[in-house]
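# Structural overview for review
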Amino acid sequence: MNMSTTGKWDLSREDIKSAAKDEKELLLEHDSDPDENMLFNQPSTSAETKVDGKMDNVRLQIQEVTEVMRENVQKVMERGERLEDLQEASDRLSMVGNEFRAAAKKAQQRAWLQNFKTRIVLVTITVTVVVCIIVLDIMVLYLVLR
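What counts and what doesn't
Residues numbered from 1 in each chain as written. Predicted model: local features only at pLDDT ≥ 70, side-chain atom pairs only at ≥ 80, totals over all residues. Heavy atoms only, no water. Helix = DSSP H or I, 4+ residues; strand = E, 2+ residues; numbered from the N terminus. Buried < 20%, exposed > 50% of the residue type's maximum accessible area, 1.4 Å probe, protein only. Contact = heavy atoms within 4.5 Å. UniProt positions renumbered as here; feature names shortened; annotations may be inferred. Patch = residues over 30% accessible without salt bridge, like charges linked within 9 Å, V, L, I, M, F, W, Y side chains within 5 Å. Areas by Shrake-Rupley, 256 points an atom, 1.4 Å probe, with all protein chains shown as cover. Salt bridge = Lys/Arg side-chain N within 4 Å of Asp/Glu carboxyl O. Lys, Arg positive; Asp, Glu negative; His and termini not counted. Charge placed at Lys NZ, Arg CZ, Asp CG, Glu CD. pLDDT = per-residue confidence, 0-100.

As annotated in an unreviewed UniProt entry, the protein chain carries the name Vesicle-associated membrane protein 4 isoform X1 and comes from Bombus terrestris.

Here is the structure:
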């Protein structure tokens, strides 16, 4: 990110300096490391201004990294929501697929039954015609021979 980029988390130099002063006091209260005491309690010199400038740069970099991390967390949360939506859509498609499979099986059974009925009717008609022909032939032969 560019340091000149402004966003909702940007701070002014005055805010950073006052926060730095508060942080120094807080660190000094809770930590008695001699190196840190020497660093934070030394008299105001040009070295301190350089340190403050470096500290400001570090704080700005931390602020930028924090903003990027917040954006990343937001993106991850949005991705999770999209994944949940996809899972729900997948579940719905699975249910619809199962319903379709059941309907197709019922339609197949109905078609098989209809086909079976049609064959029985055709066989019955054929047998009836054959029996009629045989009976008529026998009657004709009986009448002729008589």
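Now that the structure has been shown, we can carry on.
Below, the discussion takes up the overall build of the protein chain. Of the regular secondary structure elements, the protein chain holds three helices and zero strands. Scanning the protein chain from its N terminus toward the C terminus, one meets helices and strands in the order α-α-α. The burial tally for the protein chain puts 5% of its 146 residues in the buried class. The contacts of the protein chain with a sequence gap of at least 6 include a subset with a gap of at least 24, amounting to 73%.

Glancing now at the UniProt feature "transmembrane region" (unreviewed entry) in the protein chain. The UniProt feature table records "transmembrane region" (unreviewed entry) at residues 120-145. Across residues 120-145 one finds 100% helix and 0% strand; the C-alpha atoms that close the span lie 37 Å apart.

Moving on, we come to a negative patch on the surface. On the surface, E78, E81, E84, D85, E88 and D91 cluster together to form a negatively charged patch. Structurally, E88 can be placed in helix α3 (residues 46-145).

On the surface, V123, V127, V131, V135, L136 and M139 cluster together into a nonpolar patch covering about 530 Å² of accessible area. Among the secondary structure elements, M139 is positioned in helix α3. Residue classification places M139 among the partly exposed residues on the basis of a relative accessible area of 46%.

In this section: the confidence of the model for the protein chain. Here the protein chain shows a mean pLDDT of 81. Residues at 70 or above account for 68%. Confidence scores differ between elements of the protein chain, with helix α2 (residues 34-41) showing the lowest mean pLDDT of 50 and α3 the highest of 92. A low-confidence stretch, residues 1-8 stays under pLDDT 50, and its non-local contacts, those more than four residues away or across chains, total eight contacts.

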